[in-house]
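What follows is the residue order along each chain.
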Amino acid sequence: MARRYAVAGTGSRAREYVRAIFQDHPTDAELVALLDPNPGRLAFHQQYVEELGGHQLPQYGADDLERMVKEQSVDRVIVTSPDYTHAAVVSRLLRAGADVIVEKPLTIDAEGTRQIAAAMAESGKTVVVTFNYRYSPRNSALRKLIADGSIGTVTSVEFQWVLDTRHGADYFRRWHRQKQNSGGLLVHKASHHFDLVNWWIASEPARVFASGALSFYGDQNAAARGLGPRPPRGTVDDWADDPWLLDLRHDDSNRRLYLESEKYDGYLRDQDVFGPGITIEDNLAVIAEYTNGARLSYSLNAHAPWEGYKVSVNGTEGRAELEVVERAAVIDAHIDPSYPAGNLITGDIRSDGERLVLQKHWTAAVEVEIPRAAGGHGGGDRLLYADLFQGPGNDPLARAADINDGINAVAVGIAANQSLTTGQPVTVADLNLG
């Protein structure tokens, strides 16, 4: 029998869950309600539901969480609202009697993790955090390599992630640009990456030190580089050649979800990345110690000319190296940055692709085959949705993420943010994350 689902938060990310329910899992899940404070975004998703063959759904505002669960007999709610709302929304839903699927990050601060953990304990309901990168075949292949003992006991991890000037820049246009909304990139974006490390090496973070700054975006950096006056947003005339501006009129979804919905809440999706008011960092470095003795060296850059990541895992018997180029170059800056996958770039210097290499002590390096998969997040999205709506079953890689995984993923970012403020290393246990 299909479980009854609702979606809380009808921005761009919600669309993928709606599609998965109607196209891939119609016998496993039934979408019975939509909730969002913005009538324009509710109308957008209602039309999408009908395009997929659905009918008119009950719609609710932000204050109606409990009423929605009760009136529609909701079993599970998919939470795709902004990060700063997660703690309150998830907690209210749990106490209302619904299980919760929440987009990463679980929440943005220690108070939020404690709030959700307390609501779970009181309600007896469950929380699943959607770490779709676990399901990407390349990341699963690295997990299997480590779990099989191919490199022995893990001693350290080196992890570099670069976001390009299309995808990375977009965090500085949206609500993410203020740390009070997103926890900064260390929480909103890097929780993906820290979760991968936690999962790869099967351990938990113990102590964290971080350094970072807003070094490229923002009005002060623009002025220091001699950039002249700029419009406060991208949806303007006479600036079509500026690669940093996003014109919401150029994409139908952006136009309807955001530009035409501004009148309801005043939210601007297309703020200038070189405007004032940005409080998050664009260059970050983190050192983390783990309970199993391993150490992580991590860096993030949000204004690179290409996008992807490099991770090396050192062990007592060898080393595994994963290199991923998700987009080798930003050629057309005016493609919608909401969708990281770009046009395939090939060439002798850098091309889109991935490679996993294993080298044991005293032997030559060998390339490890990565199964191929299509779809978002390296093919992970569809596999994730199958686990969400059908159940994970007996997965030897343990890819399904629960509340503890969600807390451990944000633990590094929360500790790192505190370290940025104090200049001192932070012990994770002292944060009392619940």
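These numbers come from a predicted model, not from an experiment.

Undergrad: Please clarify how the environment of Ser351 should be interpreted in this entry.
TA: Structurally, the position occupied by Ser351 is in the loop between β12 (318-327) and β13 (353-360). Residues Ser351 and Arg327, 24 residues apart in the sequence, show an inter-C-alpha distance of 7.6 Å.

Undergrad: Before we go on, may I ask you to explain the packing of aromatic side chains in this structure?
TA: Any pair of aromatic rings gets described here by the distance separating the centres and the angle formed by the planes. All chains considered together, the criterion is met by 19 aromatic pairs. Measuring from ring centre to ring centre gives 5.5 Å for Phe216 and Trp244, while their planes differ by 55°; the resulting arrangement is tilted. Residue Phe216 is found in the loop between β8 (205-213) and α11 (219-224), and its partner Trp244 is found in the loop between α11 and α12 (252-259); the two are separated by 28 residues along the sequence. The exposure classification of Phe216 matches that of Trp244, with both residues buried. Each ring, one from Trp244 and one from Phe274, has its centre 5.3 Å from the other, and the planes form 75°; the classification is edge-to-face.

Undergrad: Explain unusual backbone geometry to me, please; I cannot follow it from the model alone.
TA: Note: most peptide bonds trans; most residues except glycine with negative phi. Omega for the peptide link from Lys104 to Pro105 comes to -5°, which places this bond in the cis form. Within the fold, Pro105 resides in the loop between β5 (99-103) and α5 (110-123). Despite not being glycine, Ala202 shows a phi value in the positive range, around 55°. Within the fold, Ala202 resides in the loop between α10 (190-201) and β8. The exposure class assigned to Ala202 is exposed, which follows from its relative accessible area of 62%. If you check the backbone angles, Asn432 has positive phi at about 50° while not being a glycine. With respect to the helices and strands, the residue Asn432 is situated in the segment after β15 (426-427).

Undergrad: Honestly, the sheet that holds β15 in this entry has me stumped. Any pointers?
TA: Neighbouring strands of a sheet are bound in pairs by backbone hydrogen bonds; such pairs are parallel or else antiparallel. The strand order across the open sheet built from nine strands is β14-β13-β12-β11-β7-β10-β9-β8-β15, with neighbouring strands paired in mixed fashion. Strands with a single pairing partner mark the edges of an open sheet, and in this sheet they are β14 (366-368) and β15. As defined by bridge partners, strand β7 (residues 154-164) adjoins strand β11 (residues 307-315) across eight bridges and the pair is classed as antiparallel. Within the sheet, the bridge partner assigned to Gln160 lies in β11 and is Lys310. Running at roughly 175° to β12, helix α6 (residues 137-147) makes contact with β7, β11, β12, β13 and β14 of the sheet. Lying over the sheet, helix α15 (residues 403-422) contacts β8, β9 (283-290) and β15, oriented at roughly 50° with respect to β8.

Undergrad: Got a minute to help me understand the nonpolar core in this structure?
TA: A general trend in soluble globular proteins is that nonpolar side chains are found buried together. Counting 96 residues, the largest nonpolar core has Val77, Val127, Phe159, Trp200 and Tyr217 as the members making the most contacts within it. Sorting elements by how many residues they give to this core places α15 first, with nine residues. Apart from residues lying up to four places away in sequence, Val127 is in contact with Val90, Leu94, Val100, Val102, Leu106, Ile116, Met120, Ala401, Asp402 and Ile403. The next biggest cluster of nonpolar side chains, apart from the first, holds 22 residues, and it includes Val7, Leu57, Ile101 and Phe389.

Undergrad: Quick question: what am I supposed to make of the pairing of β9 here?
TA: In regular strands, side chains alternate between the two faces of the sheet. Residues Leu284, Val286, Ala288 and Tyr290 line the buried face of β9, whereas the alternating positions Asn283, Ala285, Ile287 and Glu289 sit on a face that is not buried. Examined bridge by bridge, β8 and β9 share eight bridges and lie antiparallel to one another. Bridge pairing in β9 places Ala210 opposite Val286. Here β9 runs beside strand β10 (residues 295-304); their pairing, made up of seven bridges, is antiparallel. Pairing of Ala285 across the sheet is with Ser299, part of β10. Between β9 and the antiparallel strand that follows it, β10, lie four residues; Gly293 among them carries a positive phi value of about 95°.

Cut-offs applied
Residues numbered from 1 in each chain as written. Predicted model: local features only at pLDDT ≥ 70, side-chain atom pairs only at ≥ 80, totals over all residues. Heavy atoms only, no water. Helix = DSSP H or I, 4+ residues; strand = E, 2+ residues; numbered from the N terminus. Phe/Tyr/Trp six-rings, centres within 6.5 Å; stacked < 30°, edge-to-face > 60°. Buried < 20%, exposed > 50% of the residue type's maximum accessible area, 1.4 Å probe, protein only. Pairing = 2+ DSSP bridges. Contact = heavy atoms within 4.5 Å. Axes fitted to C-alpha atoms, helices over the stretch in contact; angles between N-to-C directions. Core = buried A, V, L, I, M, F, W, Y, C linked by side-chain atoms within 4.5 Å.

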